[in-house]
Amino acid sequence: MTPAEAYTKISMLRTEVAQHDELYYRGARPEISDFEYDVLKHSLADLEAQFPQFAAADSPTQRVGDDRVQGFKEVAHRQKMLSLDNTYNETELRAFHTRLTKLLETDDLRYTVEPKIDGLAVSLTYEDGRLIRAVTRGKGDRGDDITANVLTIASLPRQLSGAAPRVVEIRGEIYMTQAEFERLNAERAAAGEELYANPRNTAAGTIKQLDSAEVAKRKLSIVLYSLGYCEPEVVRSQTELQEKLSAWGLPVVEKYWTVRGIDEAWAAVGELDQLRRTFAYGTDGAVVKLNDFEQQRTAGATDKSPRWAIAYKYKPDTARTRLRAITIQVGKTGILSPVAELEPVHLSLSTISRATLHNEDEIRRKDIRVGDLVEIERAGEVIPAVLRSFPEERMAGAQEFDLFAAVGGNCPVCGGKIARVDVDTESGVGAAWKCQNYDCRAQRAGRLGFFCSRRALAIDGLGETVAAKLVELDLVRDPPDLYDVLLETLATLNLGTAEEPRVFGEKNATKLVAAREAARSLPLEKWLFALSVPDVGESTARELGRRHRNFAQLTDSKLLRAVLQRAALEDEKETQSPNSKKNPAKDDAEKERRKARRVEIEAELAMLNDGILRGVPSEIGPAVAASTLEFFASEPGRRLLVKLKTLDIDPPGTVMEAGVFTGKTFVLTGTLPTMRREEAEQKILAAGGKVSGGVSKKTSFVLAGAEAGSKLDKARELGVRVIDEAEFSQLLR
Ligand code: IVH
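Note that the coordinates shown come from a computational prediction; the quantities given were computed from them, not determined experimentally. All residue numbers refer to positions counted from 1 along the written sequence of the respective chain. Only residues with pLDDT of at least 70 get local features here, since the model is predicted, and only at 80 or more are side-chain atom pairs given and counted; chain-wide, interface and lining totals rely on the full set of residues. Only hydrogens and water are set aside when side-chain values are computed; all heavy atoms of the structure are taken into account.

Caption draft 1: View of the environment of Asp 484. If you trace the backbone, Asp 484 turns up in the loop between α14 (464–472) and α15 (487–491). Spatially, the C-alpha atoms of Asp 484 and Ala 623 are 34 Å apart, while their sequence positions differ by 139 residues. Throughout, a contact is declared for two residues whenever any of their heavy atoms are within 4.5 Å. Sequence-distant contacts of Asp 484, that is, excluding residues within four places in its chain, are made with Lys 643 and Leu 647. Polar contacts here mean pairs of N or O atoms no more than 3.5 Å apart (in protein, one a potential hydrogen donor and the other a potential acceptor; neighbouring residues in sequence count only if both atoms are side-chain atoms). A distance of 2.4 Å separates polar atoms of two side chains, one belonging to Asp 484 and the other to Lys 643. What counts as a helix is a DSSP run of H or I of at least four residues, what counts as a strand is a run of E of at least two, and both are numbered from the N terminus.

Caption draft 2: Local environment of the sheet that holds strand β20 (residues 690–692). Paired strands, as defined in this entry, are two strands with at least two bridges between them according to DSSP. Read across the sheet, four strands follow the order β20-β19-β21-β22 without closing on themselves; strand pairing throughout is parallel. Each edge of the open sheet is held by one strand with a lone partner, namely β20 and β22 (721–723). On average, adjacent strands in this sheet sit at an angle of 35 degrees to one another, irrespective of strand direction. Of the strand pairs in this sheet, strand β21 (residues 701–704) and β22 are connected by three bridges, and their pairing is parallel. Residue pairing in the sheet places Val 702 in a bridge with Val 722 of β22. An axis is simply a line fitted to the C-alpha atoms; with a helix, the fit covers only the stretch in contact. Between two such axes, the angle follows the N-to-C directions and lies from 0 to 180 degrees.

Caption draft 3: Layout of the pairing of strand β3 (residues 110–117). For every residue, the accessible area obtained with a 1.4 Å probe (protein chains only) is divided by the maximum for its type, and the residue is called buried under 20%, exposed over 50%, and partly exposed between those limits. Where burial is concerned, most of β3 is hidden: seven out of the eight residues are buried. Where β3 lies against strand β9 (residues 257–260), four bridges are found, and the strand directions are antiparallel. Paired with Val 113 across the strands is Trp 257, a residue of β9. Examined bridge by bridge, β3 and strand β10 (residues 283–290) share seven bridges and lie antiparallel to one another. Looking at the pairing, Ile 117 lines up with Thr 283 of β10.

Caption draft 4: View of unusual backbone geometry. The step from Glu 231 to Pro 232 runs through a cis peptide bond, and the omega angle for that step is -5 degrees. You can see Pro 232 is positioned in the loop between β8 (221–231) and α8 (238–247). Despite not being glycine, Asp 128 has its phi angle at roughly 50 degrees, a positive value. Looking at the element boundaries, Asp 128 is found in the loop between β4 (120–127) and β5 (130–136). Even without glycine at this site, Ala 458 takes up a positive phi of about 50 degrees. Relative to the assigned elements, Ala 458 resides in the loop between α13 (441–452) and α14.

Caption draft 5: Molecular detail of the site of the ligand. A cutoff of 4 Å decides nearness: a residue is near a molecule or strand if any of its heavy atoms lies inside that distance of it. Lining the immediate surroundings of the ligand are 13 residues, of which Pro 115, Ile 117, Arg 137, Glu 173 and Lys 289 lie closest. In the model, a nitrogen atom of the ligand is placed 3.0 Å from a nitrogen or oxygen of the Glu 114 side chain. Where accessible areas are quoted, they stem from the Shrake-Rupley method and a 1.4 Å probe; at the residue level, only the protein chains shown are allowed to cover. For the ligand, whose accessible area on its own is 530 Å², the fraction buried by protein is 89%. Breaking the shell around the ligand down by element, the ones donating at least two residues are β3 and β10. Ten residue types, Ala, Val, Leu, Ile, Met, Phe, Trp, Tyr, Cys and Pro, are classed as nonpolar, four, Asp, Glu, Lys and Arg, as charged, and the remainder, Gly among them, as polar. Of the residues contributing to the shell around the ligand, the split by class is eight nonpolar, no polar and five charged.

Structure (structure tokens):
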């Protein structure tokens, strides 16, 4: 791999991992399994190790996932909350022990082995035995203050029993029991609402609600297992901590082992695997911790995780069953995906009768045929997947699966044309069949469901079933048509059958109407994302929303046209280079012409990059630009815009309004006495200013702190005004 290729790959992986971090920590709605996530992250870490020149402090490999959401107060942890490194096999676990024996110069090490609870991390601060605060892990150094919500947890004592330290941070995990999860889902099913995916995400989603009365309605649980800051130091080992936690009256893990050496640790990991399914909380692994705190301190930690502890992840549960049929689902983008219809089988506490088969290539690669005995896997949270077939036990005459033939060459929902397209899959680019009809019922329902989803406009109460019904009855063609559906129509919507009616109901309908009205005031970025513009994902929508005032400006965007122009120039520069090997110049005269043209191109590129495209992030690339402009010029795109106008919906972009720093460019250098760098940058941006990396004559201010480097010298040399934090705050006021 060349460095350039590596760089592209690294950037792609960083974006991808960051997106999954966002989904998992902030949204509590992961889309891939932990295992798949770890694979992605490992490939990124490997590449970064191979190409250290592309290391970056803000790479997802260098920081813990951020769970902070808007609406909560942020609080600093007294001691940083770290994450754990994962291992998947015995060899990796033993390597952990070997590292420690070298580091501590002894192989007589004691460990504790504990269940790894699948919930969300929390830090509780008790002062003189009284619970005063509960904070999420956040970015590790500071998190969201969720005290009010944590106080709804019945099993958590507000007052520690017995003697307590003056100040202590106790860390643990908030979770939802399987029983409570099932109770909630039964309630939702009765109300025709979308079911929650799993206890972990439901617990995470619940704790991030702003209204603690709502939180109290869902019974959350908690378990404590680790120590943060503690003053005075009263605990010397993990085993002692476990005893102290119990003595203080706190809920602790159901079972843990104190062992000597890695052989005993490995045996305990095996015992835990046998027991863990009987626990109240989900466990997906074991945590092995060095027992002695003094040794823990010696071993230390990296920025992200301690060297003295490691998580061992168990293999996901699998089961065998018969593949009855393969049906085809059509998603919101029209992609036809195969679904396995299975003989129902029990797996990880639930009955499974459908599983994903990913795509046609995957079915071929795994040689899966209808009628086969198959192995399915449920990787913790996500949809179960078919892992493999057993061709040796196959019935005679089983046919290879052919998706095109299975659907008779047409979309199984609308009967329209289908075409072969490239799609991104987990294993790289693959091919899939796609329904070409934008107005296909399945696509319409998919888009409507997405429009209302929490990540989009959060119109709660409109799940898949309701979306499909509204489309089926032709009440909604494009998502915004939802605004025309009357309250009475919604209230009397029959989600069941004629024989067994199940009415949506007055209460649900009223809630939905309130939610759709609330969505009117959401910003451009949310609306743009909600309308399913091809290639525009969440972060792209956010970046576009920051740079356009409204839909009118976006659909005729100078910025997007500049992005396309830049791409065209770069392309020309490459193919028309005077010394191009691929496309050599015919003669010297042409070479000269190309040289002259290159000077022009360079100048045009510089003008774009220093002008309209300054600070435009990689999310807004030529593919996004082309796709956005094309979509809003197309018939469906124009139809949407007209509809929004009729509905009087004109969401504003989050363009910085003119502020005290409008037109001013800042360069930051050194450490400020009280403000973190990001904080200062945020303030500059919020006041309409810009932040740049290098000092030039155009720089308005250099904001300098302690140990400022060469930028300060440069500023003095160019006569740029240098200010300190105090002056900066003065200017802001
Ligand atoms: S100890 C310095 N013990 O797993 C590390 N963590 O993947 C302190 N977790 O952030 C963590 N069960 O939220 C520890 N028995 C256990 C755990 C546990 C679950 C979570 C914790 C941590 C995450 C890392």
